[in-house]
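# Breakdown of the fold
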Amino acid sequence: MEHECTGVILAGGRNSRFPGIKKTFHEINGKKIMDIIYEILSSIFDEIIIVTNEPHEFTEWDALIVSDIDQSRCSLAGIHAGLYYSSKKHIFVSACDTPFLNRELIVYILSQINPKFDVIIPETEGGFEALCAVYSRDSLPAIEKNLQNRVYMVKKFFKKNRVKVISRKKIKKFDPDMNSFFNINTPEDLEKAKMMKAKKCFKYVGKKEN
């Protein structure tokens, strides 16, 4: 693969709003959401890491399966684990519940990797999309400091002059309806995704980070 970057899938969420099996194991058009994401990332990256606190549930995928080092079970802890275990300087991070992830957008984000930046991140109307972004190993000290201080919001470790923001205008060049940022949190979201996939019609405006 041409990108010196690891693809990281965060699959350590609590699934609290979606009882039953993990949401990433549900199917859309006969394919598991996890398979959809894995196939896209494995077509780009030669190293895939899945960060999960239930590693035995992900053995069917050809990936390095790791668990959070920090036990806060937040996205920042997952990013930290991805950076820690990656053999490369950069990682691209995806959630495990985004069935409309756009390959062309990922490739563009990767094209913006530069030693000047610790983070390359899209920004929608809802704010930064932290789980569709590139992170550099240089950001590990700041992430570790925030985890130790229990500051879990991802953007809180950003240094303004070390962040490359991908604008909405640029996002829409590759993903006109910004489907990449739709994630499935509830059974209703899953049904909506199935319907939109069938109609091939979807528009997402973004959600603020919790």
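Residues numbered from 1 in each chain as written. Predicted model: local features only at pLDDT ≥ 70, side-chain atom pairs only at ≥ 80, totals over all residues. Heavy atoms only, no water.

## As for the environment of Asp46
- Checked against the element boundaries, Asp46 lands in the loop between helix H1 (33-42) and strand S4 (48-51).
- Given the relative accessible area of 48%, Asp46 is considered partly exposed.
- Sequence separation between Asp46 and Pro141 is 95 residues; the distance between their C-alpha atoms is 26 Å.
- Side-chain polar atoms of Asp46 contact the side chain of Lys88, separated by 3.4 Å. (Helix = DSSP H or I, 4+ residues; strand = E, 2+ residues; numbered from the N terminus. Buried < 20%, exposed > 50% of the residue type's maximum accessible area, 1.4 Å probe, protein only. Polar contact = N/O pair within 3.5 Å; in protein donor to acceptor, adjacent residues only side chain to side chain.)

## Some thoughts on the confidence of the model for the protein chain
- Model confidence for the protein chain is summarised by a mean pLDDT of 90, while 90% of its residues fall at 70 or above.
- The low-confidence segment residues 203-210 (pLDDT under 50) makes 23 contacts with residues lying over four places distant or belonging to another chain. (pLDDT = per-residue confidence, 0-100. Contact = heavy atoms within 4.5 Å.)

## Some thoughts on helix H2 (residues 75-85)
- Burial within H2 is extensive, with 8 of its 11 residues counted as buried.
- Every buried residue of H2 is listed here: Leu76, Ala77, Gly78, Ile79, His80, Ala81, Gly82 and Leu83.

## Points about a nonpolar patch on the surface
- The grouping of Leu64, Ile69, Tyr84 and Tyr85 at the surface amounts to a nonpolar patch, some 370 Å² of accessible area in total.
- With respect to the secondary-structure elements, Ile69 resides in the loop between strand S5 (64-66) and H2.
- Judged by its relative accessible area of 39%, Ile69 falls in the partly exposed class. (Patch = residues over 30% accessible without salt bridge, like charges linked within 9 Å, V, L, I, M, F, W, Y side chains within 5 Å. Areas by Shrake-Rupley, 256 points an atom, 1.4 Å probe, with all protein chains shown as cover. Salt bridge = Lys/Arg side-chain N within 4 Å of Asp/Glu carboxyl O.)

## As for unusual backbone geometry
- Phi at Arg73 takes a positive value of approximately 55 degrees, unusual for a residue other than glycine.
- Here Arg73 shows up in the loop between S5 and H2.
- Classification of Arg73 by relative accessible area gives partly exposed; the value is 29%.
- The phi torsion at Met178 lies on the positive side, around 55 degrees, for a residue other than glycine.
- Secondary-structure assignment places Met178 in the loop between helix H5 (168-174) and helix H6 (187-199).

## A word on the nonpolar core
- Core analysis: the largest hydrophobic core is formed by 40 residues, its most contacted members being Leu41, Phe45, Phe92 and Ile106.
- In terms of residue count, H1 provides more of this core than any other element does, 7 residues in total.
- Counting residues in hydrophobic clusters, the runner-up holds 25 residues, among them Leu76, Ile91, Val119 and Phe158. (Core = buried A, V, L, I, M, F, W, Y, C linked by side-chain atoms within 4.5 Å.)

## Overview of the packing of aromatic side chains
- Per the stated rule, a full pass over the model turns up 10 aromatic pairs.
- Each ring, one from Phe100 and one from Phe182, has its centre 5.9 Å from the other, and the planes form 40 degrees; the classification is tilted. Taken together, the residues span a long stretch of sequence, with Phe100 in the loop between strand S6 (90-95) and helix H3 (103-111) and Phe182 in the loop between H5 and H6 at a distance of 82 residues. The same class applies to Phe100 as to Phe182, namely buried.
- Ring geometry for Phe157 against Phe158: centres 5.0 Å apart, planes inclined by 85 degrees, an arrangement best described as edge-to-face.
- Its relative accessible area of 6% is what places Phe157 among the buried residues.
- Judged by relative accessible area, Phe158 falls into the buried class, the value being 16%. (Phe/Tyr/Trp six-rings, centres within 6.5 Å; stacked < 30°, edge-to-face > 60°.)

## Concerning the pairing of strand S9 (residues 132-136)
- For S9, the tally of buried residues reaches 5 of 5 residues, placing the bulk of the element in the interior.
- On S9, burial covers both faces: Cys132, Val134 and Ser136 on one face and Ala133 and Tyr135 on the other are all buried.
- Where S6 lies against S9, 5 bridges are found, and the strand directions are antiparallel. The residue bridging Ser94 from the neighbouring strand is Cys132, located in S9. (Pairing = 2+ DSSP bridges.)

## Comments concerning H3
- Of all the positions in H3, only Leu105, Ile106, Tyr108, Ile109 and Leu110 are classed as buried.
- The backbone nitrogen of Glu104 has a side-chain oxygen 3.0 Å away, supplied by the residue at the start of H3, namely Asn102.

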